[in-house]
Amino acid sequence: MPARTVLQPSDITRALTRISHEILESNRGGSDLVILGIPTRGVVLAERVGAILESIEPGSGTVGTLDITMYRDDLGRNLTRTPRPTRIPPGGIDGKTVVLVDDVLFSGRTIRAALDAMVDLGRPRAVRLAVLVDRGHRELPIRADFVGKNLPSSLAERINVRLDEIDGVEEVTIEP
Amino acid sequence: MTKRILIRGAALADGTTTDILVADGLVAELGAGLSDAGASVVDAAGLIALPGLVDLHTHLREPGYEHSETVLTGSRAAAIGGFTAVHAMANTSPVADTAGVVEQVQALGDAAGYVTVRPVGAVTIGLGGTQLAEIGAMAQSRARVRVFSDDGKCVSDALLMRRALEYVKTFDGVVAQHAQEPRLTDGAQMNEGALSSELGLTGWPAVAEEAIIARDVLLAEHVGARLHVCHVSTAGSVDVVRWAKARGIPVTAEVTPHHLLLTEDLALTWDARFKVNPPLRSRDDVDALRAGLADGTIDVIATDHAPHPVEEKESAWSDASFGMVGLESALSVVQASLIDTGVLGWVDIARLLSSAPAAIGRVAGYDRGIAVGAAAEFTLVDPSASREFSTEELRGRSVNSPYLGMTLPGRVMMTVHSGYPTVVDGEVVATEFVAAAAAESRGFTRG
Amino acid sequence: MRHLLSTKDLAREEAIVILDVAEDMAEVAGREVPRLPALRGKTVVNLFYEDSTRTRISFEAAAKRLSADVINFSAKGSSVSKGESLKDTAQTLAAMGADAVVVRHPASGAPDVLARGGWIDAGIVNAGDGTHEHPTQALLDAFTIRRRLHGAAARGHGLDGCRVTIVGDILHSRVARSNVWLLTALGARVSLVAPATLMPVALDRWPVELGYDLDAAIAAGPDVIMMLRIQAERMHDAFFPNAREYSRQWGLDDERMAALPERSMIMHPGPMNRGLEISAGAADSPRSTIREQVANGVSVRMAVLYLLLSGAMEGKA
């Protein structure tokens, strides 16, 4: 069976715009916000969210990246992953509200690793999680605060997020 | 009475086919269609009969290093290699620098019975390089030592070398020099060249060998004594010996099978099985050594069989011992490097591995090769065989062979020593049978 | 990466990956808690047959920052150096569950023997073997040069066109050998300067230029000048007449430093003989990278241990 498209480009843009508004709302404004993308596609999404925030409330779109390679719990079981850079904005994360951004929320292990990685970088006031797709099947007590689309899926299915900046196309598909 | 053996249809080194009848320790008859009455018959179709091989350079390690080899185990390794006589080097513990030690080694060899064991006497006491050993006593002992060598060490003191050459002359002996200038090879680990520079192993320059040979041939000329040069390994050494022979100096030289086949590149494996003294050299050196054999500059192929226990090779290169076992593989390696490459023929091999080393070591009975009335010392080789060399092929106590895993041509199928078989159907005859045959043969000879 | 035994067989791309990962590791070093959990549960053994406190503590710090367990096995002077074979030691370490063995050995090739002997499954890191190689030292040197040349934008870069002059006891130097292979693989142009006695023989296969004259090398305006430690005892083996003459001919003194271009880096793998191969003025000048080299050593060794231990074995020597 061929892959089925579940989000079109316009759906993705709409989802990110909604998430940006929800972030500002829950933070009661744009002060002390830091948006951290998790490589690879979370970084692109974080940059887009940052740009939308900036357009709504200038100064609110502080963006960085958080690499979690070294904090994974499956190192040694897979081929060596080359770590990506972590870029924390100049103000740091101490006392800030950090919003982690990733493309797909699945088992929760990536987010667990991200929380560990963040602890080594500082002490945020609060940490929130934004994802484009939540496909379920959590293995850890983790949930997202901002979700673009809930996509109940079977374990056998494959969710592909493709973004223009990396893949040259813009879509979310589900493959049996 | 010794059993009669009839070898049916063997090819001699010169290519002629013949039967060989062995009786009473001698070659009784040669020719086609000999009678097999009362004889055990061996079908030798397709096999080459070579005169018994004589190794001028063997380390049997006994006394003192029996964990590496004994006279008995080394003799078995020699027999499966086609040898009927070996010269046992003096660097044992105690060193073979007295009549007592050389007689003991010879007696052990006689008792084992696989080969004639000819002890080599040390040139200097304890191989110390400072004081002459009792060369006269060893020469006149029951072992009748004729080859003297500090092998493993070089007689580097020029005056002592001069005296040794002169003194040994008195007893019709020869000094076999291990040519290695000690200061130039302090800590040396492998051939000096681009590869030693890359690997960071202390280099062993060719000049360290060539300078000693050059000095010694001039000393031999000056005092009118014969000189034998052990394990020549460089192109320059071949040139020096060639020059000396052209000048009429009574020098003989030997080369090992491994220096005819293997090169220094093997050090890239860091496998200490390839660590040997003198070291493996370059391709150019190998070619020069083969050419030296072809033009008669080099007289002898000798194994420098040097057994070491496993633990002395399972270490970092520079912590490992020098040396490789070679008796079992010698003829195959010679075939691979000289026969199969078209450099030499079997007649040359018979000279290089039998008559020439016997003449240098004054071993009687090898001057006529396989001839009626000569001592029955010969070996049957299957030159068409091919085998992956493994520890299964080894019959000595140590397994430090550089050829493990390599495919080598040829195989010794039978060896006859003093008229009795030591190898039959490619396997060494059991120790007790050989010992009994040897005892009987000695009785016969005396009677 | 299965083992790190030498830089001779390290391809440019592999070397750049190691240096890039080391950049990430360097960022961790600047944090309040300079520690990553990447190698939690892994055991790194420092097997040192030679005293080298500097190298050992650098590897120890690297392993600990990656949360590995570290066992220091000082083999010098113990039963190990008194006859226990490399094989027995390897089997002991295997039984202890070592995941990586960092080995320093006075014999060239000892790490290769450990890696190829089949006695232990662990990744082997060569921390200096005889006069053969010292790959992590060369990696940290390359890392240091690249950082000085490219700063924060160093990732992905080689050392293309960079001219490096290595001066001193090339013959006995594992640092020089590893640097020759690595720096040239990264695109640098390397020249060696030494008295002929301290130059290895038959260097025509090496991708380097050779010279005897330090002043001429300095006049050529190298981007990097790397001074090697000279052991004064070498004069007893007639490699040079005495320390004074060596220093006069091949030492980097203040005058020679002044003749170097402003941009030239001064490197030394340490430990230094101040006043012999390098003057105090040169060692302490702002052009000197000597203290950076020490700090970078930890980052580079973190990268090597991480790449060796974090993933499935790829069977790459």
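Cut-offs and rules
Residues numbered from 1 in each chain as written. Chains lettered and ligands numbered in written order. Predicted model: local features only at pLDDT ≥ 70, side-chain atom pairs only at ≥ 80, totals over all residues. Heavy atoms only, no water. Helix = DSSP H or I, 4+ residues; strand = E, 2+ residues; numbered from the N terminus. Rg over C-alpha atoms; globule rule 2.2 N^0.38 Å. Buried < 20%, exposed > 50% of the residue type's maximum accessible area, 1.4 Å probe, protein only. Contact = heavy atoms within 4.5 Å. Lys, Arg positive; Asp, Glu negative; His and termini not counted. Charge placed at Lys NZ, Arg CZ, Asp CG, Glu CD. Pairing = 2+ DSSP bridges. Axes fitted to C-alpha atoms, helices over the stretch in contact; angles between N-to-C directions. Parallel < 35°, antiparallel > 145°, perpendicular 65-115°, else oblique. Left-handed = near helix turned anticlockwise from the far one by under 90°. Nonpolar A, V, L, I, M, F, W, Y, C, P; charged D, E, K, R; others polar. Phe/Tyr/Trp six-rings, centres within 6.5 Å; stacked < 30°, edge-to-face > 60°. Domains from an automatic or database assignment. Buried area = accessible area lost by both parts, 1.4 Å probe. Salt bridge = Lys/Arg side-chain N within 4 Å of Asp/Glu carboxyl O. 1 Å grid on protein atoms, 1.4 Å probe; cavity = no way out; pocket = protein on both sides within 12 Å on 5 of 7 lines; lining within 4 Å. Points joined across faces, edges and corners; volume = space filled by probe spheres on them. Polar contact = N/O pair within 3.5 Å; in protein donor to acceptor, adjacent residues only side chain to side chain.

(A) Inspection of the overall build of chain C at higher detail. When helices and strands are tallied, chain C shows 11 helices and 9 strands. Relative to the compact-globule value of 20 Å for 317 residues, chain C shows a C-alpha radius of gyration of 19 Å, a close match. Principal axes of the C-alpha set define a box for chain C whose edges measure 55 × 45 × 35 Å. When the 317 residues of chain C are sorted by exposure, 60% land in the buried category. Counted over contacts in chain C with a minimum sequence separation of 6, partners at least 24 positions apart contribute 75%. Looking at charge distribution, chain C has the averaged site of its 36 positive side-chain charges lying 3 Å from that of its 38 negative ones.

(B) Broad picture of the sheet that holds strand 3 (residues 63-65) of chain A. All names here are of chain A. What the 5 strands build is an open sheet, ordered 3-2-4-5-6; its pairing is parallel. Lying at the two open borders of the sheet, with one neighbouring strand each, are strand 3 and strand 6 (146-150). Along the sheet, successive strands turn relative to each other by an average axial angle of 25°, direction set aside. Where helix 3 (residues 109-119) meets the sheet, its contacts fall on strand 2 (33-37), strand 4 (97-105) and strand 5 (126-134), and the angle it forms with strand 4 comes to roughly 155°.

(C) Local environment of the environment of Val99 of chain A. Residues and elements named next belong to chain A. Within the fold, Val99 resides in strand 4. Sequence spacing of Val99 and Ile35 is 64 residues, and the spatial spacing of their C-alpha atoms is 4.8 Å. When sequence neighbours within four positions are dropped, the list of residues in contact with Val99 reads Ile23, Leu33, Val34, Ile35, Leu36, Arg128, Ala130 and Phe146.

(D) Highlighting the packing of helix 1 (residues 71-80) of chain B against helix 2 (residues 99-112) of chain B. Residues and elements named next belong to chain B. Following both chains from N to C, one finds helix 1 and helix 2 inclined at 55°, their axes separated by 9 Å at the closest point. With respect to each other, helix 1 and helix 2 are oriented oblique. Relative to helix 2, the crossing made by helix 1 is right-handed. Contacts from Val71, Leu72 and Ser75 of helix 1 reach helix 2 at Val105, Leu108, Gly109 and Ala112. Tallied by class, the residues present in the contact of helix 1 with helix 2 amount to 5 nonpolar, 2 polar and no charged.

(E) Up close: the packing of aromatic side chains. Residues and elements named next belong to chain B. The tally for this structure, following the rule as stated, stands at 6 aromatic pairs over all chains. Consider the rings of Tyr167 and Phe171, whose centres lie 5.5 Å apart with planes at 70°: the pair is edge-to-face. Judged by relative accessible area, Tyr167 falls into the partly exposed class, the value being 37%. With relative accessibility at 17%, the residue Phe171 sits in the buried group. Both rings, one in Phe389 and one in Tyr403, keep their centres 6.4 Å apart while their planes meet at 85°; by these two values the pair is edge-to-face.

(F) Examining helix 1 of chain B more closely. Residues and elements named next belong to chain B. Helix 1 sits mainly inside the fold: 9 of its 10 residues count as buried. Inspection of helix 1 places Val71, Thr73, Gly74, Ser75, Arg76, Ala77, Ala78, Ala79 and Ile80 among the buried residues, and these make up the whole buried set. Positive phi shows up at Gly82, right after helix 1, with a value of about 95°.

(G) Just the domain arrangement of chain B, in detail. Residue and element names in this part refer to chain B. You can read the domains of chain B as domain 1 (4-49 + 374-445) and domain 2 (52-361). Taking only C-alpha atoms into account, the centre of domain 1 sits 26 Å from that of domain 2. Each side of the interface is counted separately: domain 1 has 43 residues, and domain 2 has 50 residues. Carbon and sulfur atoms supply 61% of the area that domain 1 and domain 2 bury against each other, a total of about 3400 Å² over both sides. By the criterion of area lost to domain 2, the three top residues of domain 1 are Arg397, Asn400 and Tyr403, representing 20% of everything that side buries.

(H) Up close: the pairing of strand 5 (residues 48-51) of chain B. Residues and elements named next belong to chain B. Burial along strand 5 is two-sided: the face carrying Ile48 and Leu50 and the face carrying Ala49 and Pro51 are both buried. With 2 bridges joining them, strand 1 (residues 4-12) and strand 5 adopt parallel strand pairing. Residue pairing in the sheet places Ala11 in a bridge with Ile48 of strand 5. Two strands pair when backbone bridges link them, and strand 5 and strand 16 (residues 378-388) are joined in this way by 4 bridges, in the antiparallel orientation.

(I) Main features of the pattern of salt bridges. What the rule picks out here adds up to 46 salt bridges over all chains. Linking Arg281 of chain B and Glu209 of chain B is a salt bridge whose minimum nitrogen-to-oxygen distance equals 3.6 Å. Residue Arg281 of chain B is found in the loop between helix 8 (257-261) and helix 9 (283-294), and its partner Glu209 of chain B is found in helix 6 (residues 206-223); the two are separated by 72 residues along the sequence. With its nearest N and O atoms 3.5 Å apart, the salt bridge here joins Arg116 of chain C to Asp112 of chain C. With Arg116 of chain C and Asp112 of chain C both in helix 4 (residues 110-116), this residue pair falls 4 residues apart, about one helical turn.

(J) Inspection of empty space enclosed by the protein at higher detail. Per the counting criterion, the structure on display carries 7 cavities of 30 Å³ or more. Considering the residues around the largest cavity, the lining is formed by Asp67, Met70, Tyr71, Pro83, Arg84, Pro85 and Thr86 of chain A together with Asp24, Glu27, Val28, Arg31 and Leu36 of chain C. When grouped by side-chain class, the residues that make up the lining of the largest cavity number 6 nonpolar, 1 polar and 5 charged. Estimated volume of the second largest cavity: approximately 80 Å³. Taken together, Ile80, Glu328, Arg387, Glu392, Glu393, Arg395, Arg411, Val412 and Gly426 of chain B form the lining of the second largest cavity. Its residues assigned to classes, the lining of the second largest cavity comprises 2 nonpolar, 1 polar and 6 charged.

(K) View of the domain arrangement of chain C. Residues and elements named next belong to chain C. Splitting chain C by domain gives domain 1 (7-134 + 294-310) and domain 2 (135-289). Here domain 1 and domain 2 have C-alpha centroids that lie 25 Å from each other. Between domain 1 and domain 2, the residue contacts involve 33 residues of the former and 32 residues of the latter. The tally of links from domain 1 across to domain 2 stands at 6 salt bridges. Of the charged contacts in the structure, one is a salt bridge between Glu23 and Arg147, with a shortest N-O distance of 3.0 Å. If you look at where domain 1 meets domain 2, you find 19 residue pairs in polar contact (both at pLDDT 80 or more).

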